Amino acid sequence: MSAPLNISRRTFLKATALVAGGLVIAFAIPQAKRFLMPGADKAPASPDAAKLPAPNAFLRIGTDNSITVMLAHSEMGQSIWTTLPMLIAEELDADWSTIKVEHASAAPEYVHTAYGIQITGGSSTTWSEFDRYRQAGALTRALLVSAAAQKLGVAADSLRTENGFVVSGTDKISFGDLAEAATNLPTPTSVTLKDPKDWKIIGKATKRLDGPEKINGTAKFGQDVQFEGLKTAMVARAPVFGGKVKSFDDTASKQIKGVHNVVQVPTGVAVIADNYWSAKQGRDALKIDWDLGENAMLDSKKMLEEYRTLAASPGLAAAKAGDTQSAFSKSTTVIEAEYVAPYLAHSPMEPLNCAVKITEDGCEIWTGTQMQTTDQGAAAKILGLKPEQVKIHTLFLGGGFGRRANPAADFVSEAVQVAKAAGVPVKTVWTREDDVKGGYYRPMFLHKAKIAVGADGMPTAWEHTEVGQSIMTGTPFESVMIKDGVDATSVEGVADSPYLKSVPNHQVNLHTVKATIPVLWWRSVGHSHSAFAMESLIDELAHTAKQDPLEYRRALLKDHPRHLAALNLAAEKAEWGKPLPKGVSRGIAVHESFGSFVTQVAEVSVVKGEVKVHRMVTAIDCGLAVNPDSLKAQMESSISFGLGAALFSEITFKEGQVQQSNFHDYQVLRMKDMPKVEVYIVQSTEKMGGVGEPGLPPVAPAVTNAIFAATGKRIRSLPIANQLA
Amino acid sequence: MITLNINGKDKQLDAPDDMPILWALRDVAQLTGTKFGCGMAQCGACTVHLDGQAIRSCVTPVSAAVGKKITTIEAMQDDKVGQAVQAAWQEIDVVQCGYCQSGQIMAATALLATNQTPTDADIDAAMSGNICRCGTYPRIRAAIHAAASKLA
Ligand code: FES
Ligand code: FES
């Protein structure tokens, strides 16, 4: 890692002077390095990734010694506001207390090093920026050292850097004092990155840089955007997906104090008002006649029945080995089971919102988004502008979980439509009901498995059929993510399961159903349901074989050292096998997603039909843990998010309408339900993976496996809700 | 026009009687530290103090606050308990996205103002009305205990 990197070959660099004075470092990713997912080999058509190398920056050093790190990614709780600056500060030898952070604008320089569009998602920020942000720091350091060498008339290699200074013997010059001179120097063509043994910041638990402002209420979220002339808009949307406005009467609405205007937009009818309260009252007073369209009778119970019917036939093959049919005919023990996971809303704490100001020569947008260049492109298209005429200001995201990364740019496009129709700057705001009913859900999935078991208790044939909606269909990712009709995110965690690799005869099939309901990636995407199915099935097999669930997994995963490392560490820390207090049982699950390997051990009791999760022990192998404390926070977060969904959450449909509306009926985890959490990190030098999502998939099955151990009842459908009553 | 006492100062606000305190604070008084999460007393993001009591400002009309004192997150740094809570939040690095945290801190401060030695059960009871979608619950619990021991 300490070998010099030939930057000119890997990246296109620019050092330019800022208007304000100081040093600006910009990198652009050459087209050739763009690919969509780790392992994907060809570059996708990326219409959003414009090719103009506009001078943008990752780092600014002010003549006042301030160091500002520009984030190509969005801070939504995952602490990237701290992790990416750690990478730069490490190589720069910056004084950590002088670091400031800003969200970058939407620009080609900031596109994802792997995905080719500007996106925060796929638990990919840290590993995908690990080189780029360190290089930005190292390059800047090299320029500052050269500037100091010139100034002092000494050789550059006689100098060192420390805590924001270039040091020569007993003399030292601050980075700020060198910033201007450094801008006039030629850009080095290669830099040397530090040897990991010299790291002072990377790998150390580091406090969040956005902590103070989020504690005193000054942090600005999209919802907090206010400026002179900005109106608040609320849109009445169709009660059924795909519904259209036939006609509307806004007489009563316009009589509400503070309501200025009512306009029709493609998604419904928007009330423009002085503030949220007037907008809400104005919307409540609208009378709209809807054409409900073809989804008017949508019913999730009936949909599930249709899924069951479909699952009886094979569908498209997503993975295949050996001959399952002949293996089944030879086997005496065959288990069959069906697992179901419901539609889920992301419901980030901050309901969606987006402020838009259309000017004579462009448009400005203020919002919390995970997908800047996509939103920019969508806004430009609506307004007949070039993407670069649309300026995106990214604010803190009050949670994302995937909802704020929409290839359809739904909430941004709608806000632009409202601003365009109203002719004034508007901030569209969503109520919680709008959020819960607004779609872009984690799709409902049905998994049906038939497994033959050999004399040794191990699976000899495994047939697995999934039914559900595709997330990738109709998005720019379709060409890369859908192969031969199979959406990779529908079958991830099954088709590539390490368990299936050990089964000589296996087949994974997929039925992709018609896209009736808007769906989207929800924290951990396909793994959010596949791990539940797979880890439950493995538990069923272990019990059928009368083997310990941990030992059974160890045997099947013997050729998968990273799974084993996470499994063994969690089992050891949870003291697997040691008796628990009466009434408490353990369950275990291990799953790989987003390049990381996580085991969860749940301790659960069931009293009078009510599930109580007492403790979760987590072990993760994500390769290098850049900030171990934020990694722990992400595991706590994934447990909370996954457990809430497992215990309570589901979106259902009846007569076309979503039956849930707010946190009283779309229930999520609360303090009283939160278990004790212990997180252990596998010391690993393996390839880096993500941490925002991989903790989640094994949560539900660890809990339901513990429920089985406690009660003998196998939970095969989520949420658990009152199934044990 | 209605007169509300916010963070120790009387303010004249152009807000109708039925406007929830939340929107009077955010949209009229431009105090955006108090957040909106559900609008029906389900999430606690909008928690403020009314005469020292934690209330859900999204369902409490401004008319109910006339003659009373509204205290928001913006004033917690001037409050002895608030300071201890904020310091513990910082020490334990509680926040993630941060959106729920104003409400969490207001609820925790109200709890500690009346109960200096909260048990885990007290914390469950006082804090379960405050949702955190990022799952900062273990750290909130730890921070409340830490603040309590600082205040003792
Ligand atoms: S916004 Fe008031 S409780 Fe949720
Ligand atoms: S910190 Fe994100 S909702 Fe609590």
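None of the values given here were measured: they were computed from a predicted structure.

Draft legend 1. Inspection of the overall build of chain B at higher detail. Tallying secondary structure elements over chain B gives five helices and five strands in all. The order of helices and strands in chain B, counted from the N terminus, is β-β-α-β-β-β-α-α-α-α. Taken against the 2.2 N^0.38 rule, which gives 15 Å for 152 residues, the C-alpha radius of gyration of chain B at 15 Å falls within 12% of a compact globule. Taken along its principal axes, the extent of the C-alpha atoms in chain B is 45 × 30 × 25 Å. Residues counted as buried form 61% of the 152 residues belonging to chain B. For chain B, the exposed area adds up to about 5300 Å²; of that, 50% sits on carbon and sulfur atoms. Averaging the positions of the 12 positive and the 14 negative side-chain charges in chain B gives two centres separated by 4 Å.

Draft legend 2. A look at the overall build of chain A. Helices and strands together make up the secondary structure of chain A, namely 20 helices and 32 strands. Rg of the C-alpha trace for chain A: 27 Å, near the compact-globule value of 27 Å for 725 residues, within the 12% margin. Dimensions of chain A, computed from the C-alpha atoms along their principal axes, are close to 85 × 70 × 50 Å. In chain A, buried positions account for 62% of the 725 residues. Partitioning the contacts of chain A with sequence separation of at least 6, the portion at a separation of at least 24 is 76%. As presented, chain A carries roughly 26600 Å² of accessible surface, and 52% of it is formed by carbon and sulfur atoms.

Draft legend 3. Region of interest: the packing of aromatic side chains. The tally for this structure, following the rule as stated, stands at 19 aromatic pairs over all chains. What links up through ring pairs into an aromatic cluster is the set W81(A), F221(A), F396(A) and Y99(B). Positioned above the aromatic ring of W522(A) is the side chain of R442(A), whose terminal nitrogen or guanidinium carbon lies 5.6 Å from the ring centre. The residue whose ring lies beneath K450(A) is F328(A), and the NZ or CZ to ring-centre distance is 4.5 Å.

Draft legend 4. Region of the structure containing the domain arrangement of chain A. Residues and elements named next belong to chain A. For chain A, the assigned domains are domain 1 (12–215), domain 2 (222–293 + 353–429) and domain 3 (300–343 + 441–711). The junction of domain 1 with domain 2 conceals about 1400 Å² of combined surface from both sides, 57% of it contributed by carbon and sulfur atoms. Here domain 1 and domain 2 share zero salt bridges between them. The interface formed by domain 1 and domain 2 contains seven residue pairs in polar contact (both at pLDDT 80 or more).

Draft legend 5. The arrangement of the packing of helix α3 (residues 101–114) of chain B against helix α5 (residues 137–151) of chain B in detail. Residues and elements named next belong to chain B. Where α3 contacts α5, the axes come no closer than 11 Å and their chain directions differ by 40°. It follows from the interaxial angle that α3 and α5 lie oblique. Here α3 and α5 pass one another in a crossing that is right-handed. Seen from α3, the contacting residues are Q101, Q104, A108, L111 and L112; seen from α5, they are I140, I144, A147, A148 and L151.

Draft legend 6. Up close: the interface of chain B and chain A. At the junction of the two partners, chain B supplies 51 residues and chain A supplies 56 residues. Counting each side, the surface lost to burial between chain B and chain A is near 4600 Å², with a carbon and sulfur contribution of 55%. Where chain B touches chain A, the interface holds five salt bridges. The partner of R139(B) in a salt bridge is D629(A), with the nearest N and O atoms 3.2 Å apart. Remark: the boundary between chain B and chain A carries 28 residue pairs in polar contact (both at pLDDT 80 or more). Every element with two or more residues in the side of chain B that touches chain A is listed here: α1 (21–28), α2 (80–92), α3, α4 (120–127) and α5 of chain B. Element by element, the count of residues in the side of chain B that touches chain A is highest for α5(B), at five residues. Residue classes in the side of chain B that touches chain A are distributed as 23 nonpolar, 16 polar and 12 charged.

Draft legend 7. A look at helix α8 (residues 300–311) of chain A. Residues and elements named next belong to chain A. Between the first and last C-alpha of α8 there are 16 Å, a value that for 12 residues agrees with the 16 Å anticipated at 1.5 Å per step. Where the residues of α8 are buried, they touch β17 (333–341), β22 (445–453), β23 (459–469), β26 (505–513) and β30 (653–654). Sitting at the head of α8, D299 places a side-chain oxygen 2.9 Å from the backbone nitrogen of K301.

Draft legend 8. Molecular detail of helix α18 (residues 561–573) of chain A. Residue and element names in this part refer to chain A. End to end, α18 covers 18 Å across 13 residues, agreeing with the expected 18 Å (1.5 Å per residue, within 8%). Close packing links the buried residues of α18 with α15 (498–501), α17 (549–556), β27 (585–593), β28 (596–607), β29 (610–621) and β32 (676–681). In the segment just after α18, E575 is the residue with positive phi, at about 55°.

Draft legend 9. Representation of the side chain of N295(A) in the model. Residue and element names in this part refer to chain A. Following the sequence through the fold, N295 ends up in the loop between β15 (287–291) and α8. Separated by 3.4 Å, the side chain of N295 and the backbone oxygen of T516 make a polar contact. If near-sequence neighbours (up to four positions away) are discounted, N295 is found in contact with V240, F241, T516 and G656.

Draft legend 10. How the structure looks around the nonpolar core. With 237 residues, the main nonpolar core has Y343(A), W462(A) and W89(B) as its most contacted residues. No other element matches the nine residues that helix α3 (residues 125–152) of chain A contributes to this core. Not counting residues within four places of it along the chain, the set of residues in contact with Y343(A) comprises M303(A), Y307(A), Y441(A), R442(A), P443(A), M444(A), Q469(A), I517(A), V519(A), E650(A), I651(A) and F653(A).

Draft legend 11. Focus on the sheet that holds β17(A). Residues and elements named next belong to chain A. If you trace the five strands from one edge of the open sheet to the other, you get β16-β26-β23-β22-β17, paired in mixed fashion. Sheet topology places β16 (316–321) and β17 at the edges, where each strand pairs with a single neighbour. Strand-to-strand twist in this sheet, taken as the mean axis angle between neighbours without regard to direction, amounts to 10°. Bridging between β22 and β23 involves nine bridges; their strand directions are antiparallel. When the sheet's bridge partners are listed, I451 is paired in β23 with W462.

Draft legend 12. The arrangement of the confidence of the model for chain B in detail. Put simply, chain B has an average pLDDT of 98, and 100% of its residues get 70 or more. Taken over the whole predicted complex, pTM reads 0.94, whereas the ipTM for its chain interfaces reads 0.98.

Calculation criteria
Residues numbered from 1 in each chain as written. Chains lettered and ligands numbered in written order. Predicted model: local features only at pLDDT ≥ 70, side-chain atom pairs only at ≥ 80, totals over all residues. Heavy atoms only, no water. Helix = DSSP H or I, 4+ residues; strand = E, 2+ residues; numbered from the N terminus. Rg over C-alpha atoms; globule rule 2.2 N^0.38 Å. Buried < 20%, exposed > 50% of the residue type's maximum accessible area, 1.4 Å probe, protein only. Areas by Shrake-Rupley, 256 points an atom, 1.4 Å probe, with all protein chains shown as cover. Lys, Arg positive; Asp, Glu negative; His and termini not counted. Charge placed at Lys NZ, Arg CZ, Asp CG, Glu CD. Contact = heavy atoms within 4.5 Å. Phe/Tyr/Trp six-rings, centres within 6.5 Å; stacked < 30°, edge-to-face > 60°. Lys NZ or Arg CZ within 6 Å of the ring centre and 35° of its normal. Domains from an automatic or database assignment. Buried area = accessible area lost by both parts, 1.4 Å probe. Salt bridge = Lys/Arg side-chain N within 4 Å of Asp/Glu carboxyl O. Polar contact = N/O pair within 3.5 Å; in protein donor to acceptor, adjacent residues only side chain to side chain. Axes fitted to C-alpha atoms, helices over the stretch in contact; angles between N-to-C directions. Parallel < 35°, antiparallel > 145°, perpendicular 65-115°, else oblique. Left-handed = near helix turned anticlockwise from the far one by under 90°. Nonpolar A, V, L, I, M, F, W, Y, C, P; charged D, E, K, R; others polar. Expected span 1.5 Å × (residues − 1). Core = buried A, V, L, I, M, F, W, Y, C linked by side-chain atoms within 4.5 Å. Pairing = 2+ DSSP bridges. pLDDT = per-residue confidence, 0-100.

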